[in-house]
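Survey of secondary and tertiary structure
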Amino acid sequence: MSIPDLELMPLSEQHQFQNQKLSELLSYVQSNSPHYKELFRKEKISADKIKGVDDLKHLPFTQKEDLQLHNDNFFCVGKSTIIDYVTTSGTLGEPIIIGLTENDLKRLEYNEYLSLVCANGSADDIYQIITTLDRRFMAGLAYYMGVRRMGAGVIRVGSGIPELQWDTIRKVKPTALITVPSFMLPMIRFAKQHDIDVNASGIKKAICIGEPIRNPDFSYSTLAEKIRSEWNVELYSTYASTEMQTAFTECSQFNGGHHHPELLVLEVLDENGNQVGNGEPGEVVITTLGVEGVPLIRYKTGDICHYFSDPCKCGRQTVRLGPVIGRKKQMIKYKGTTLYPQAFFDILGRFDDISNYVVVASTNATGTDEIKILAASKKTDLEFEKELIDHIKAKLRVAPKLEFTANEIIEMLQNKNSLGRKVARFIDERKG
Ligand SMILES: [Zn+2]
């Protein structure tokens, strides 16, 4: 499996390639996208004035709300040309429908092929797909097509049922899992209860989606540490979304997910809309390349990631993204420090006595952000409280308020703030 030449070239040469693709995209949306046609007319933008990626800053952003409110206007082709319909997971508001043409499906297949090769995949591998293949999801289908293109084997087990997962591992002997990483914990529990040696299972790696398995410095997250303490598998991190129809997957250097410049123009922007430097965090903003159905220009994902532009030891010179450290809307400014709820989740997850928790952000009387943690815990004495606060102080340099309470109260708050499939661990009560 070889790396495409473009990914081995310096960034300046990658940009030259992208400049051509970008001008094709702009003339395509100017002719075919009701949304961008109208936007360009209103803002007096002429597509041929944008000569390349350096001129992107002259184009307005596309917001998630634009897609939610005017979903149909983003479709560039008629229904007869759309093959596959998927939706976003809808963690923030109404899910968005994305339609893929035959060429979009081929592009998606190529994207996942590149990702799996990047994550040390080969034709000799057998992938057990635990990710859902139906329920309007894009990821499972993308993985299936990528594995096929690589010439590797695939078993579509789908989500849940540890017994079926282990039965399949025993009978088929796959080498890799494609899964939400937290599902590996019930798999480990099941294995223990049934005398299955996870380390003799033949599983060498897991392609992890949906949850962070690394901290911004690339050390393992609490979840990844829990998995690795029992199961000696390589964990590959993936950052992807339905809107971008593209994945950023780690290589065997485990230092961020690689960008594939043939599929996407990537910007990582600070609060003033300027590209951040190497190693700095910013909001991920993407422009799709080669998408026919629902192409997007300067789409603000709302995800905050660290940006890395130094060449990788794997040979690829493409830029990389670190784990998602938070959603832009969830950013907390606390006593001069910028924080995201995920940082608290990672620390709270380390304490086995804590069975459930929520992080609540509110606005105090002086108009600044306030943080309170509500936790259900086996230990609730002052000593434990101090240990917890000291740990948070050491890691994050802030001391939030902490209150131990009954699990029922926390569950009630989580249900009230439910985000569809995901458990609400962050509750935002801030004004404005
Ligand atoms: Zn690499």
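All figures in this text were calculated on a predicted structure; none of them were measured in a lab. (Residues numbered from 1 in each chain as written. Predicted model: local features only at pLDDT ≥ 70, side-chain atom pairs only at ≥ 80, totals over all residues. Heavy atoms only, no water.)

**What to know about the nonpolar core**
- Leu26, Tyr36, Phe40, Leu59, Leu266, Ile297 and Leu321 are the most contacted members of the largest nonpolar core, which has 45 residues in total.
- In this view, isoleucine 297 contacts Leu25, Leu26, Val29, Tyr36, Phe40, Leu59, Pro60, Phe61, Thr62, Ile286 and Thr287; residues no more than four positions away in its chain are not counted.
- Judged by nonpolar contacts, the second largest core, of 24 residues, contains Phe344, Phe351, Ala375 and Val398. (Core = buried A, V, L, I, M, F, W, Y, C linked by side-chain atoms within 4.5 Å. Buried < 20%, exposed > 50% of the residue type's maximum accessible area, 1.4 Å probe, protein only. Contact = heavy atoms within 4.5 Å.)

**A closer look at the pattern of salt bridges**
- Following the criterion strictly, the structure yields 24 salt bridges and no others.
- One salt bridge connects glutamate 65 with lysine 329, and the closest N-O pair in it is separated by 3.1 Å. Taken together, the positions of glutamate 65 in helix H4 (residues 64–69) and lysine 329 in the loop between strand E14 (326–327) and strand E15 (332–334) put the pair 264 residues apart, joining distant regions of the chain.
- Here lysine 205 makes a salt bridge to aspartate 125, at a shortest N to O gap of 2.8 Å. Within this pair, whereas lysine 205 is found in strand E6 (residues 205–208), its partner aspartate 125 is found in the loop between helix H5 (102–118) and strand E3 (126–129), the two being separated by 80 residues in sequence.
- The class of lysine 205 is buried, set by a relative accessible area of 7%.
- On the basis of relative accessibility, which here comes to 8%, the residue aspartate 125 falls in the buried class. (Salt bridge = Lys/Arg side-chain N within 4 Å of Asp/Glu carboxyl O. Helix = DSSP H or I, 4+ residues; strand = E, 2+ residues; numbered from the N terminus.)

**Here we look at the coordination of the zinc ion**
- Around the zinc ion, the protein contributes the donor atoms Cys251 (SG), His258 (NE2), Cys312 (SG) and Cys314 (SG), which lie 2.1 to 2.3 Å from the metal centre.
- For the zinc ion, the four donor atoms in the first shell make angles of 104 to 115 degrees at the metal, so the coordination geometry reads as tetrahedral.
- Summarised as a motif, the one-chain spacing of the donors to the zinc ion is C-x6-H-x53-C-x1-C. Of the two residues, histidine 258 sits in strand E9 (residues 257–258) while cysteine 314 sits in the loop between strand E12 (299–308) and strand E13 (320–321), which places them 56 residues apart along the sequence.
- By relative accessible area, which is 24% here, cysteine 314 ends up partly exposed. (Donors = N, O, S within 2.8 Å, 3.2 Å for Na, K, Ca; no water. Tetrahedral: all angles 85-135°; square planar, octahedral: opposite > 155°, others 65-115°.)

**With respect to unusual backbone geometry**
- Unusually for a residue other than glycine, isoleucine 161 sits at a positive phi of about 55 degrees.
- Positioned with a positive phi, lysine 173 is a non-glycine residue whose angle comes to about 60 degrees.
- Within the secondary structure layout, lysine 173 lies in the loop between helix H7 (162–172) and strand E5 (176–179).

**Concerning the pairing of strand E11 (residues 281–288)**
- Within E11, seven of the eight residues are buried, which leaves the element mostly enclosed by the surrounding structure.
- Direction of pairing for E11 relative to E12: antiparallel, over a ladder of five bridges. Paired with proline 281 across the bridge in E12 is histidine 306. (Pairing = 2+ DSSP bridges.)

**So, the side chain of glutamate 262**
- One can find glutamate 262 in the loop between E9 and strand E10 (264–269).
- For the buried glutamate 262, no salt bridge is present, and the opposite-charge side chain at shortest range is arginine 316, 8.8 Å distant.
- Of note is the side chain of glutamate 262, whose polar atom sits 3.4 Å from the side chain of tyrosine 110.
- Ignoring any residue separated from it by four or fewer positions in sequence, one finds glutamate 262 in contact with Pro4, Leu6, Glu7, Phe17, Tyr110, Leu114 and Leu289. (Lys, Arg positive; Asp, Glu negative; His and termini not counted. Polar contact = N/O pair within 3.5 Å; in protein donor to acceptor, adjacent residues only side chain to side chain.)

**Overview of the packing of H5 against helix H6 (residues 139–150)**
- Orientation of H5 relative to H6, taken along the N-to-C sense of each, is 70 degrees, at an axis distance of 7 Å. Viewed along their axes, H5 and H6 adopt a mutual orientation that is roughly perpendicular. Note on element contacts: H6 touches H5 through Leu141, Ala142, Tyr143, Met145, Gly146, Val147, Arg149 and Met150, opposite Leu105, Leu108, Glu109, Tyr110, Glu112, Tyr113, Leu116 and Val117. (Axes fitted to C-alpha atoms, helices over the stretch in contact; angles between N-to-C directions. Parallel < 35°, antiparallel > 145°, perpendicular 65-115°, else oblique.)

**A short note on the sheet that holds strand E17 (residues 354–363)**
- Within the open sheet, the four strands sit side by side as E19-E18-E17-E20. Their pairing is mixed. This sheet does not close on itself; its edge strands, each paired only once, are strand E19 (401–404) and strand E20 (426–428). The sheet shows a mean angle of 20 degrees between the axes of neighbouring strands, taken without regard to direction.
- Strand direction decides the pairing type here: strand E18 (residues 369–377) and E19, joined by four bridges, are parallel.

**Digging into empty space enclosed by the protein**
- Here the structure, examined in full by the defined rule, presents one cavity of 30 Å³ or more.
- Computed from the structure, the largest cavity encloses a volume of approximately 40 Å³.
- Along its surface, the largest cavity is lined by Ser2, Ile3, Pro4, Glu7, Tyr113, Leu114, Val117, His260 and Arg316.
- No other element matches the three residues that H5 contributes to the lining of the largest cavity.
- By residue class, the composition of the lining of the largest cavity is five nonpolar, two polar and two charged. (1 Å grid on protein atoms, 1.4 Å probe; cavity = no way out; pocket = protein on both sides within 12 Å on 5 of 7 lines; lining within 4 Å. Points joined across faces, edges and corners; volume = space filled by probe spheres on them. Nonpolar A, V, L, I, M, F, W, Y, C, P; charged D, E, K, R; others polar.)

**Thoughts on the side chain of arginine 298**
- Here arginine 298 shows up in the loop between E11 and E12.
- Given the relative accessible area of 3%, arginine 298 is considered buried.
- Here leucine 59 takes part through its backbone oxygen, which lies 2.8 Å from a polar atom of the side chain of arginine 298.
- For arginine 298, the side chain forms a polar contact with the side chain of glutamate 267, separated by 2.8 Å.

**A closer look at helix H3 (residues 34–42)**
- Turning to H3, its buried residues are His35, Tyr36, Leu39 and Phe40. Seen along its axis, H3 keeps its buried residues to an arc of 120 degrees; they face one direction. Exposed side chains of H3 directed beyond 90 degrees from the buried face belong to Arg41 and Lys42.
- Buried-residue contacts for H3 involve helix H2 (11–32) and H4. (Arc of directions from axis to C-beta.)

**Points about the layout of surface pockets**
- There is about 600 Å³ of room inside the second largest pocket.
- Surrounding the second largest pocket, 24 residues form its lining, Asn215, Pro216, Ala343, Lys395 and Leu396 being those nearest its centre.
- Of all the secondary-structure elements, those providing two or more residues to the lining of the second largest pocket are strand E16 (337–339), helix H10 (341–348) and helix H11 (382–396).
- Of the residues forming the lining of the second largest pocket, the biggest block, four residues, is contributed by H10.

Read these as layout, nothing more, since geometry by itself doesn't imply function.
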